Amino acid sequence: MRPDYAENVEHWELDRLIVILLRQFRRVLADHGVELQDSTIRAIGGNPTQAPDDLKAALVAAIAESETVLAQWHLDFATSLKTDMDALEWTTTADFLALANEKINAEVRISAGSSLLLLLGDRRHADYLLQAIDHDLNTQGRLDVDAMIARRALLHATNVDPNAADWLDQVRAWVRDK
């Protein structure tokens, strides 16, 4: 039986989730001039509100770059999640693989980057997290790993009980009021 990675994410301690996300973004952050040592990553994981502003700015820049990648195909994040690769122009298998990799990387950076930003106290991209959750619930009826990370970030930021039957409605109201 395949492990359910989304369920694993649901049970991780928040500091562990933040550390994993920071490690996932380490190279991207370095490309934006933010070098993170393991000790710094662990310190931020333990106290995310103390994340330096340059780290948040680098995440915002990485998200913006990914938005630009999607825009070259006239897609925004929500539309990209719904867009099948057949809708994009490609002719060879190599083209297909390159486009698929670029599209998926952009989607993951937007989703995971927005989750990490929210966990660090910056809520400007919280609407992307709802879009990831909505996409998974509408297409699969459950959350994949990225949408589960989005859920965790939103629940943490809003202090909504994860077991509440209306957790998604409460989170939507919070995002709408931002």
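Residues numbered from 1 in each chain as written. Predicted model: local features only at pLDDT ≥ 70, side-chain atom pairs only at ≥ 80, totals over all residues. Heavy atoms only, no water.

Trainee: Hey, could you go over the overall build of the protein for me, with residue numbers and the actual values?
Mentor: The helix and strand tally for the protein stands at 10 helices and 0 strands. Traced from its N-terminal end to its C-terminal end, the protein shows the element sequence α-α-α-α-α-α-α-α-α-α. Its C-alpha atoms give the protein a radius of gyration of 16 Å, near enough to 16 Å, the size a compact globule of 178 residues would have. Its C-alpha atoms give the protein principal-axis dimensions of about 50 × 40 × 40 Å. Counting across all 178 residues of the protein, residues that qualify as buried make up 44%. Long-range pairs, those at least 24 residues apart, make up 64% of the contacts in the protein between residues at least 6 apart in sequence. (Helix = DSSP H or I, 4+ residues; strand = E, 2+ residues; numbered from the N terminus. Rg over C-alpha atoms; globule rule 2.2 N^0.38 Å. Buried < 20%, exposed > 50% of the residue type's maximum accessible area, 1.4 Å probe, protein only. Contact = heavy atoms within 4.5 Å.)

Trainee: Lay out the side chain of serine 115 with the relevant residues and their values.
Mentor: Counting through the fold element by element, serine 115 comes out in helix H7 (residues 93-119). For serine 115, a relative accessible area of 0% corresponds to the buried category. Look past the residues within four positions of serine 115 in its chain and what remains in contact with it is Leu129, Ile149, Ala150 and Ala153.

Trainee: Could you give an account of unusual backbone geometry, naming the residues involved and the relevant values?
Mentor: Of note, the phi angle at histidine 74 is positive, near 65°, even though the residue is not glycine. One can find histidine 74 in the loop between helix H5 (53-71) and helix H6 (77-82). By relative accessible area, histidine 74 is classed as exposed at 75%. With phi around 60°, asparagine 159 is a residue other than glycine that occupies positive phi space. Here asparagine 159 lies in the loop between helix H9 (145-158) and helix H10 (167-176).

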